[in-house]
Amino acid sequence: MEFPSSALPQHRSFISQAILKFKSDNRIVGLACSGSYSDNTLDEYSDLDFVVAVDPLHYEEVFTKRFEMIAELGDLVSAFSGDHVGEPRLVIALYGPDGLHIDFKFAKVNDISDRVDEPTILWERTDQLSEAWAKGHGAYPRLDEQWVEDRFWTWMHYCAGKICRGEYFEALDFLSFIRVQVLGPLALQQAGYEPRGVRKIEFLLPKFAMQLLSTVCQPEKEQLKLAAANAVSIYIDMRSSKVSTQDRAKQIVLAALQNI
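Cut-offs applied
- Residues numbered from 1 in each chain as written.
- Predicted model: local features only at pLDDT ≥ 70, side-chain atom pairs only at ≥ 80, totals over all residues.
- Heavy atoms only, no water.
- Axes fitted to C-alpha atoms, helices over the stretch in contact; angles between N-to-C directions.
- Helix = DSSP H or I, 4+ residues; strand = E, 2+ residues; numbered from the N terminus.
- Parallel < 35°, antiparallel > 145°, perpendicular 65-115°, else oblique.
- Left-handed = near helix turned anticlockwise from the far one by under 90°.
- Contact = heavy atoms within 4.5 Å.
- Salt bridge = Lys/Arg side-chain N within 4 Å of Asp/Glu carboxyl O.
- Buried < 20%, exposed > 50% of the residue type's maximum accessible area, 1.4 Å probe, protein only.
- Expected span 1.5 Å × (residues − 1).
- Polar contact = N/O pair within 3.5 Å; in protein donor to acceptor, adjacent residues only side chain to side chain.

**Describing the packing of helix 9 (residues 221-238) against helix 10 (residues 247-258)**
Where helix 9 contacts helix 10, the axes come no closer than 10 Å and their chain directions differ by 155°. Judged by the angle between their axes, helix 9 and helix 10 are roughly antiparallel. Remark: the crossing between helix 9 and helix 10 carries left-handed chirality. Contact with helix 9, carried on its side by K225, A228, A229, V232 and I236, involves K250, L254, L257 and Q258 of helix 10 and no other residues of that element.

This is the structure in structure tokens:
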């Protein structure tokens, strides 16, 4: 098979081995890979994101055996399900000897048309996988800016309260939440990129990444107060004129930050 030019030897070797293994299992109807593999942006730190398409008639059996199946693909060091990200079909695995991170999503072939990207088919037994892809289109969900506005001020009021109470690590963690859920996605989306938190924002939007530095601080009262105020200022500058603004909530938050 033809690999993307960015695929390193460890990626090529594992993929080749995985194809051979899944080909030998008649319950598996195809294998695809998404993420940086499909984008041809792999590097030495990249994981592989597999989609394992399963015959619906055998899905429960495969799902029960999924950890045993991936253990046969190499030197499996650690593996766990993706319940913490709301995706129990996902298995997150680490392989030795050098630490190769592989994600496996075991899905019924008829359920995989709903997706957030466009995986590359590595192998398929019949045309079932291709036909399933053709029924949908991969698109990362857009950030609803009104949804953000409706929540942002209450979120920041929570942050101000934690600073006042002296829960500095909680406030510090919450500012990280604001960067990942609000500031990063807004900036990326408005620049024409997928709103994936703060993923690769240093490379995609280096000037904005420098702005974000003003929201990073030590768990100390005055630094947190300034970082929170900077987060508010950045948000106001980015906020779309099309949203219905929560002006009363905004004034309450500005006063709360001022009174810290």
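**Notes on the pattern of salt bridges**
Scanning all chains against the criterion turns up nine salt bridges. Close ionic contact of E68 with K65 constitutes a salt bridge, the shortest N to O distance being 3.9 Å. Here E68 pairs with K65, and both are found in helix 3 (residues 59-71), just three residues apart, close to one helical turn. Looking at E68, the relative accessible area reads 49%, which means it is partly exposed. In this structure, E167 engages K162 in a salt bridge whose closest nitrogen and oxygen atoms are separated by 3.8 Å. With a relative accessible area of 29%, E167 lands in the partly exposed category.

**Some words on helix 5 (residues 145-165)**
With 21 residues, helix 5 should cover 30 Å at 1.5 Å per step; its first-to-last C-alpha distance of 30 Å lies within 8% of that length. Among the residues of helix 5, those classed as buried are E145, V148, E149, F152, W153, W155, M156, C159, A160, K162 and I163. Looking at the buried positions of helix 5, the neighbouring elements they touch are helix 6 (168-190), helix 9 and helix 10. Capping the start of helix 5 is the job of one residue whose side-chain oxygen sits 3.0 Å from the backbone nitrogen of Q146: D144. After helix 5 finishes, the residue G166 shows a positive phi value of roughly 90°.

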